[in-house]
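Chains, contacts and geometry: an overview
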Amino acid sequence: MTLRTPPIPAAAEWAGLGALVLATTATIAGRGAGPGTAIRHLYVVAALVGALRFGLAGGVAVAALAVLLDAPLLLESIETWGLGAAAAEGCVTVALVVVAGGLAGALVNRARRRLDRYQTVLALQRALAGRPLAEGLLLAGAALRRLLRAEAVELAVRGEDGAWVGARGRRPLQPGSAGAWVAERGRSLYLPDAPPGARSASPRRVLVVPLVAGGQALGVAGVARRLGFSRDERAAIEALGAQVALALENARLRDDLESRIAAATRRLVELDRAKSEFVAIASHELRTPLTSLRGFSELLLFRRCREEEQRHFLAVIHAEAERLGRILDDLLDLARIESGQCADLRPAPLAVAPVLRARAEAFLAQGATHRFRVAAPAGLPAALVDRDALERILTNLVSNAVKYSPAGSEVRLLAAATGPRVEIAVEDDGAGIAPDALPRIFDPYYRAPGGGRGARGLGLGLALVKSLVEASGGAIRVDSAPGAGSRFTVSLPRVP
Ligand code: ADP
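What you see is a predicted model; the values in this text were computed from it and never measured.

Some words on the site of the ligand
Residues in contact with the ligand amount to 19 residues; listed here are only the nearest, Asn-400, Tyr-404, Asp-428, Arg-447 and Leu-462. At a separation of 2.5 Å, an oxygen atom of the ligand approaches a polar side-chain atom of Arg-447. The backbone of Ala-448 places a nitrogen or oxygen atom 3.3 Å from an oxygen atom of the ligand. Look at the ligand: alone it shows 530 Å² of surface, and the protein chains cover 96% of it. Sort the elements by how many residues they give to the shell around the ligand and helix H9 (residues 387–403) lands first, with 3 residues. Considered class by class, the residues forming the shell around the ligand number 10 nonpolar, 6 polar and 3 charged.

This is the structure in structure tokens:
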């Protein structure tokens, strides 16, 4: 629990100051000490306290009271003793009281105005951050109205889509209005006269200022007040406009930063989840061939087998060892992708059609269950690409096409020249990819949910393909829809 001293009422403070001045006068008069006595400095103290507490009004009021009370004593002393040193000191004190009260009061007023302004700017920052724009503008308008003691304050700013937003929601500035004029020119406008047709006896004067930050007009503020605005006030309100614009800009930057951080955090969480999933899948993928290797090698070691059986077991062992090798290659590739050094590429002019045919034949030779069609126009220009990289790109794309499309369907490997590029497409008639999975299929570890008939994989193939294509100065895109097959198109630089 905090204990707070209750605030002293202002009337009591005024009374205290009055009493101090009276007591000072009474002491000077009662003691007959004369106008030069040191006690007279209490007038200055009272005037300063008055100024600090109540600003210019306090300083001037206390100084006036002191002068009123002290002047008769001072005059009497001058009449009696003449204008001696004591009387001169008394005169200096009176002048000092007036100057100290007035000056300190003016300074305090100025400091308070500044403080008010800073506090309002702070309130604006808070009002504008993390709220819908229209609501923030309503609060900001109210804060400005209080600060400027205005009858009305209207704010209009450009929303993110460029449309004008006001405190009452979307309400474009009327063409030809003062606000539109100011927004267009970036200059303030003062309307000191009653608008034509105004019925009120004391019409409001209107000042419209641009809200400029970084040389850009973000919006306009209109302030209406019956008393009008002095030149100084107009300059101060223009400066305030710049601060409001900064507050707006800050709020925007903050919102932007917050949404970016939120997106980055979401992505990190997703990546983390995908990585854990990857570890689970990878260990499963490693265990399956290992189990086969162990089982079949035990059979060969401990059981007497016919030669035919032995050959079969050895073939299985060989296939599983190959599979282990491929998984290890994928893992090594992953490490390369993550460290950013995709591959040591040596681009050279390469005729792509023979490479496409060789890939299709390699898949057929491995006993692929699909039909392959290769098509490339005669006279297709050579691509400028590393042969090994292109083979790995094609192997991954074709093995996906085979994995994710039904046995017996066709896989097409097509090439064509488009402008300064050679385009290679791998097409299949498989299940296709859901639209929400499409933007992520090139991410490492990502596997689209329900990816065709439980096809195996580590979610690394397309990430590696993308890195290889980009490192070759090319680009890859995918066209796919559920049930409509997939088409992966790689565009590579061609020989000029
Ligand atoms: P993997 O095939 O090992 O899962 P990839 O990185 O090669 O990893 O592919 C990522 C995901 O993209 C796959 O899990 C699959 O869901 C989807 N995908 C890739 N190619 C195709 C394709 N031709 N047809 C349908 N889905 C595909």
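Comments concerning the nonpolar core
If you look at the biggest cluster of nonpolar residues, it comprises 41 residues, and the most contacted ones within it are Val-352, Phe-372, Leu-390, Leu-397, Ile-441, Ile-476 and Phe-488. Put simply, the parts of the chain that give this core at least two residues each are helix H8 (352–365), strand S9 (383–385), H9, strand S10 (410–418), strand S11 (421–428), helix H10 (461–471), strand S12 (475–480) and strand S13 (486–493). Tallying contributions element by element places H9 first for this core, with 8 residues. Contacts of Phe-488, omitting those with residues within four sequence positions, involve Leu-397, Ile-424, Ala-425, Val-426, Ile-433, Ile-441, Phe-442, Leu-462, Ile-476, Arg-477 and Val-478.

Notes on empty space enclosed by the protein
This model, assessed by the stated rule, comprises 3 cavities of 30 Å³ or more. For the largest cavity, the calculated volume is near 50 Å³. Lining the largest cavity we find Leu-144, Leu-148, Val-209, Ala-221, Val-223, Ile-237, Leu-240, Gly-241 and Val-244. Those elements that place two or more of their residues in the lining of the largest cavity are helix H4 (133–148), strand S6 (216–225) and helix H6 (231–302). By residue number, the principal contributor to the lining of the largest cavity is H6, which donates 4 residues. For the lining of the largest cavity, the per-class residue count stands at 8 nonpolar, 1 polar and no charged.

Remarks on the packing of aromatic side chains
For the structure shown, the criterion picks out 5 aromatic pairs. Judged by centre distance (5.3 Å) and plane angle (50°), the ring pair of Phe-296 and Phe-313 falls under tilted. Placement of the pair is Phe-296 in helix H6 and Phe-313 in helix H7 (residues 307–339), with a sequence separation of 17 residues. Ring geometry for Phe-442 versus Phe-488: centroids 6.3 Å apart, planes at 85°, classification edge-to-face. With a gap of 46 residues between them, Phe-442 in the loop between S11 and H10 and Phe-488 in strand S13 connect regions that are remote in the sequence. For the residue pair Phe-442 and Phe-488, the accessibility class agrees, reading buried in each case. Against the face of Phe-54 rests Arg-53, its NZ or CZ located 4.9 Å from the ring centre.

Quick notes on the layout of surface pockets
The space that makes up the second largest pocket amounts to roughly 580 Å³. Lining the second largest pocket are 16 residues; nearest its centre among them are Arg-113, Arg-117, Leu-147, Arg-149 and Glu-233. For the lining of the second largest pocket, the secondary-structure elements that each account for two or more residues are helix H3 (85–128), H4 and H6. Among the elements that line the lining of the second largest pocket, the one with the most residues is H3, at 6 residues. The class makeup of the residues in the lining of the second largest pocket is 5 nonpolar, 1 polar and 10 charged.

What counts, and where the lines are drawn
Residues numbered from 1 in each chain as written. Predicted model: local features only at pLDDT ≥ 70, side-chain atom pairs only at ≥ 80, totals over all residues. Heavy atoms only, no water. Near = heavy atom within 4 Å. Polar contact = N/O pair within 3.5 Å; in protein donor to acceptor, adjacent residues only side chain to side chain. Areas by Shrake-Rupley, 256 points an atom, 1.4 Å probe, with all protein chains shown as cover. Helix = DSSP H or I, 4+ residues; strand = E, 2+ residues; numbered from the N terminus. Nonpolar A, V, L, I, M, F, W, Y, C, P; charged D, E, K, R; others polar. Core = buried A, V, L, I, M, F, W, Y, C linked by side-chain atoms within 4.5 Å. Buried < 20%, exposed > 50% of the residue type's maximum accessible area, 1.4 Å probe, protein only. Contact = heavy atoms within 4.5 Å. 1 Å grid on protein atoms, 1.4 Å probe; cavity = no way out; pocket = protein on both sides within 12 Å on 5 of 7 lines; lining within 4 Å. Points joined across faces, edges and corners; volume = space filled by probe spheres on them. Phe/Tyr/Trp six-rings, centres within 6.5 Å; stacked < 30°, edge-to-face > 60°. Lys NZ or Arg CZ within 6 Å of the ring centre and 35° of its normal.

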